[in-house]
Amino acid sequence: MQYIVTAYDGTDEKAIDRRLMAREEHLKSVERRFKEGQHLYGAAILDDEGKMIGSMMIVDYPSREALDNWLKVEPYVVGNVWQKIEIQPCRVAATFMELYD
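Worth saying up front: this structure is predicted, and the values here are computed from it rather than measured. (Residues numbered from 1 in each chain as written. Predicted model: local features only at pLDDT ≥ 70, side-chain atom pairs only at ≥ 80, totals over all residues. Heavy atoms only, no water.)

So, on to the side chain of E74. Among the structural elements, E74 can be located in the loop between α2 (64-73) and α3 (75-78). Buried and unpaired, E74 has no salt bridge, with R33 as the nearest side chain of opposite charge at 5.9 Å. Engagement of the side chain of E74 in a polar contact is seen with the backbone nitrogen of Y76, the distance being 2.9 Å. Setting aside residues no more than four positions away along its own chain, E74 makes contact with H26, S29 and W82. (Helix = DSSP H or I, 4+ residues; strand = E, 2+ residues; numbered from the N terminus. Buried < 20%, exposed > 50% of the residue type's maximum accessible area, 1.4 Å probe, protein only. Lys, Arg positive; Asp, Glu negative; His and termini not counted. Salt bridge = Lys/Arg side-chain N within 4 Å of Asp/Glu carboxyl O. Polar contact = N/O pair within 3.5 Å; in protein donor to acceptor, adjacent residues only side chain to side chain. Contact = heavy atoms within 4.5 Å.)

Here it is as structure tokens:
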């Protein structure tokens, strides 16, 4: 099942510091899950000044439970970067999925 994960960072003065401290581990995790076919696409969400304030990912997990298990170990969750997470089921168009075949 595919999902859109939209996650927003905290808005306190230490939010960007937490993001930067967890960023390297987050990117390693994303790279590994991309190679395994679980993470299809992702992007940082920016404010009007270009500052990172969150993340958007399209992921593919066999179940919501599997997705929730990933979130338990996701560095941005463990590092208290993401403060609000929205998850919506979706279906990526076949044209885009051809990139992964």
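Here we take up the nonpolar core. Grouped together as the largest cluster of nonpolar side chains are 14 residues, with contacts concentrated most on V5, V59, L67, W70 and W82. Elements that contribute at least two residues to this core include exactly β1 (2-9), β3 (52-60), α2 and β4 (82-90). The residues contacting L67, other than those within four sequence positions of it, are Y3, V5, V59, Y61 and I87. (Core = buried A, V, L, I, M, F, W, Y, C linked by side-chain atoms within 4.5 Å.)

Geometry only, nothing functional implied.
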